[in-house]
Amino acid sequence: MVTIKEVEVIPLRIPFVRPFKISRGYVGAPGKPGEHVYLKLVTSDGEVGWGETRPMPSWMYETMESVYTTLKKYISRILIGEDPYNIIKIHKAMDKELAPVVSSGQPFAKSAVDIALHDLVGKLTGTPIHRLLGGKIRDYVEMSALISGTPDAIGDYAKEMWQKGYRCFKLKIMGDVDEDYKLIKALIEAVPEGKIWLDANQAYSSYSLRFLLRKIADIENIICIEQPVPTYDFHGLSRIVRISPIPIAVDESLFSHYDLLKLISMNALDALVLKIAKSGIRTSTKIYALAEAAGISCMGSGMTESGVGFTAAMHVFSTMEMIAPVDTNGPQFLKDMLVRGLEIEGAKVKVPDKPGLGIEVDEKKLEEYKAEIEI
Ligand SMILES: [Mg+2]
């Protein structure tokens, strides 16, 4: 029987080539690198599985340091000596060690493990991850362009992305009705044919959002407003869903199928945003199944992951019906994706067909971007 023999946890800082700001602050910018953690699992016969997560504590509480210590101190001992095919058993052991309670219990750290196990099982069986999930329904996954900045600054960049083939634009709005309206107008002026996906990252209340809705209700380009209200405000979401002419999507309010069941029971969403960092591969497929049964539409996004997390998302999203091009924006913002074998043409990403993730991690680059962390 093949077993996991070594677990290596590698914290990284990857430079940003352009600024990326949301209502809660910077995701990254030149001089403000993104923090990532890579997980390397080596089996008794020398096979390697890779996982990645992208902690961003201003968005969700896990930090690079907490992911590092969670994986090193609490999860490594679960993995060592275990059969990598036992993904369900390993998830149960992780949840016993770090109890989910009402949240998912260190979901970002667990998602790195989940990705690495799927990479391993794929390599051990000679199967790409999408085939482990039932097989892709498309060969290419189309991406949205992430737009953030001031009304003056975003137009040129949106036009540039249109030229590159992007047709859907995810615009970060900040919670000020007049300023956000200016951003939306500037984007429409730059790319009048583009679809617009708004993301407020919790910046509104169910009260204040109504004033934005009055101004933008008739703009046909807008496909949804994502997470207008705080993560915990399911009642606010429910009030908004009842009156909004624009579909409401949830992101920070949904990490698991348990969260989705509550949201559905409260009629608190029209669409949901899947992210592998939030839910791993396994829980993402559970969320998707429940959404399908409940008639909730799905969208794909990410946390500006580099190659490993990004590719995991491509495998998962290639197996699902999505209502918009996915917002996986690592290639837009990161100086380096750290892997070989990614094929991106304009806004389209080829779904890899080699075993596991189907890409190769450039371990020299892991050395180059390795972060010293203080605990
Ligand atoms: Mg979001």
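Residues numbered from 1 in each chain as written. Predicted model: local features only at pLDDT ≥ 70, side-chain atom pairs only at ≥ 80, totals over all residues. Heavy atoms only, no water.

**Quick look at the layout of surface pockets**
Selection rule: The definitions used throughout rest on a 1 Å grid laid over the protein atoms alone, on which a cavity is an enclosed set of points accommodating a 1.4 Å probe that cannot get out and a pocket is an open set flanked by protein within 12 Å on both sides along at least five of seven lines; lining residues are those having an atom within 4 Å of a point. Grid points are joined across faces, edges and corners, and a volume is the space filled by probe spheres set on the points. A helix here means a DSSP run of H or I that spans at least four residues, while a strand means a run of E at least two residues long, and both kinds are numbered starting from the N terminus. Charged residues are taken to be Asp, Glu, Lys and Arg, nonpolar residues to be Ala, Val, Leu, Ile, Met, Phe, Trp, Tyr, Cys and Pro, and polar residues to be all remaining types, Gly included. Here the limits of each domain have been adopted from an automatic or database domain assignment.
If you add up the space inside the largest pocket, you get close to 510 Å³. Around the largest pocket, the lining is made up of 25 residues, and of these Asp-95, Pro-100, His-257, Tyr-258 and Thr-283 lie nearest the centre. Put simply, the parts of the chain that give the lining of the largest pocket at least two residues each are helix H2 (87–97), helix H3 (107–125), helix H9 (257–265) and helix H10 (276–294). Among the elements that make up the lining of the largest pocket, the one with the highest residue count is H10 (6 residues). Classifying every residue of the lining of the largest pocket gives 7 nonpolar, 9 polar and 9 charged. A domain-level breakdown of the lining of the largest pocket finds at least three residues from each of domain 1 (4–129 + 362–369) and domain 2 (132–361). Here the second largest pocket is characterised by a volume of approximately 410 Å³.

**Some details on the packing of aromatic side chains**
Worth spelling out the cut-off: Two rings from Phe, Tyr or Trp (for Trp, the six-membered ring) form a pair when their centres are within 6.5 Å of each other. A pair whose planes differ by under 30 degrees is stacked, one over 60 is edge-to-face, and the rest are tilted. The rule is simple: take the accessible area with a 1.4 Å probe, protein chains only, and divide by the maximum for that residue type; under 20% is buried, over 50% is exposed, in between is partly exposed. In this scheme, Lys NZ or Arg CZ marks a charge over a ring once it lies within 6 Å of the ring centre and within 35 degrees of the ring normal.
A full pass over the atoms with the stated rule returns 7 aromatic pairs. Aromatic side chains Phe-16 and Phe-333 sit 6.1 Å apart centroid to centroid with 35° between the ring planes, which places their arrangement in the tilted category. With Phe-16 in the loop between strand S1 (4–14) and strand S2 (20–22) and Phe-333 in helix H12 (residues 330–333), this pair connects stretches of sequence that are 317 residues apart. Judged by relative accessible area, which is 1%, Phe-333 ranks as buried. Centroid distance Tyr-38 to Trp-50: 6.2 Å. Interplanar angle 65°. Geometry classified as edge-to-face. Within this pair, whereas Tyr-38 is found in strand S4 (residues 34–43), its partner Trp-50 is found in strand S5 (residues 48–53), the two being separated by 12 residues in sequence. There is no split in this pair, since Tyr-38 and Trp-50 are both buried. Pairwise contacts between aromatic rings join Phe-16, Phe-20 and Phe-333 into one cluster. Between Lys-278 and the ring centre of Phe-255, over which it is positioned, the NZ or CZ distance is 5.6 Å.

**Remarks on a positive patch on the surface**
Which entries qualify depends on this criterion: Patch members must show over 30% relative accessible area and no salt bridge, and they are joined within 9 Å when carrying like charges or within 5 Å when they are nonpolar side chains of Val, Leu, Ile, Met, Phe, Trp or Tyr. The method behind every accessible area is Shrake-Rupley, applied with a 1.4 Å probe, and residues are considered shielded solely by the protein chains displayed. We count a salt bridge whenever a side-chain nitrogen from Lys or Arg sits within 4 Å of a carboxyl oxygen from Asp or Glu. Two residue types count as positive, namely Lys and Arg, and two as negative, namely Asp and Glu; His and chain ends fall outside the count. Every charge is mapped to an atom, namely NZ of Lys, CZ of Arg, CG of Asp or CD of Glu.
Taken together, Arg-210, Arg-214, Arg-239 and Arg-242 make up a surface patch of like positive charges. For the positive patch, the elements supplying multiple residues, two or more each, are helix H7 (208–216) and helix H8 (234–243). Note on placement: Arg-210 falls in helix H7. Using a relative accessible area of 35% as the deciding quantity, one classes Arg-210 as partly exposed.

**Details of the pattern of salt bridges**
The tally for this structure, following the rule as stated, stands at 21 salt bridges. Asp-95 is the partner of Lys-110 in a salt bridge, and the nearest nitrogen-oxygen pair spans 2.8 Å. In this pair, Lys-110 is assigned in helix H3 and Asp-95 in helix H2, connecting sequence segments 15 residues apart. The exposure class assigned to Lys-110 is buried, which follows from its relative accessible area of 5%.

**A few points about H7**
Our working definition: In this context, the arc is that of the directions from the helix axis out to the C-beta atoms. Whether two residues touch is decided by their heavy atoms; if any such pair falls within 4.5 Å, the residues are in contact.
Of the positions making up H7, those classed as buried are Leu-209, Leu-212, Leu-213 and Ile-216. Here the buried residues of H7 occupy an arc of 105° about the axis, which is enough to place them on one side. For H7, the secondary structure elements touched by its buried residues are helix H6 (177–190), strand S9 (195–199), strand S10 (222–226) and H8.

**Here we look at the side chain of Asn-221**
Among the secondary structure elements, Asn-221 is positioned in the loop between H7 and S10. The contact partners of Asn-221, leaving out residues within four places of it in the chain, are Ile-188, Val-191, Pro-192, Gly-194, Lys-195 and Ile-196.

**As for the sheet that holds S1**
Note the threshold: Should DSSP find at least two bridges between two strands, the strands are regarded as paired. Angular values range over 0 to 180 degrees, each being the angle between N-to-C directions of two axes fitted as lines to C-alpha atoms, with helices fitted over their stretch in contact.
Taken in spatial order, the 3 strands make up an open sheet running S1-S4-S5, and their pairing is antiparallel. Bordering the open sheet on either side are S1 and S5, each of which pairs with just one other strand. Taking the axes of each pair of neighbouring strands and ignoring which way they run, one obtains an average angle of 20° across the sheet. Lying over the sheet, H3 contacts S1, S4 and S5, oriented at roughly 155° with respect to S5.

**Considerations on the pairing of S5**
Burial analysis of S5 places 6 of its 6 residues in the buried class, which makes it a mostly covered element. The pairing of S4 with S5 spans 6 bridges and is antiparallel. When the bridges of S5 are listed, Leu-41 appears paired with Gly-49. Hairpin geometry of S4 and S5 is characterised by an intervening segment of 4 residues between the two adjacent antiparallel strands and by a positive phi of about 90° at Gly-46.

**Structural notes on the domain arrangement of the protein**
Threshold: Once two parts are brought into contact, the accessible area they lose, counted with a 1.4 Å probe and summed over both, makes up the buried area. Nitrogen and oxygen atoms within 3.5 Å of one another constitute a polar contact, given that in protein one can donate a hydrogen and the other can accept it, and given that sequence-neighbouring residues count only through two side-chain atoms.
Segmenting the protein into domains produces domain 1 (4–129 + 362–369) and domain 2 (132–361). Distance from the C-alpha centre of domain 1 to the C-alpha centre of domain 2: 22 Å. Across the boundary between the two partners, domain 1 contributes 48 residues, which contact 52 residues of domain 2. Looking at the side of domain 1 facing domain 2, the largest losses of area belong to Trp-59, Ile-129 and Asp-362, adding up to 18% of the total buried there. The interface formed by domain 1 and domain 2 holds 2 salt bridges in total. In this structure, the salt-bridge partner of Arg-340 is Asp-362, at a minimum N-O distance of 3.4 Å. In this assembly, domain 1 and domain 2 are joined by 26 residue pairs in polar contact (both at pLDDT 80 or more). Contributing elements (two or more residues each) for the side of domain 1 that touches domain 2: S1, S2, S4, S5, H2, H3 and helix H13 (363–369). If one sorts the elements of the side of domain 1 that touches domain 2 by residue count, H3 sits on top with 11 residues.

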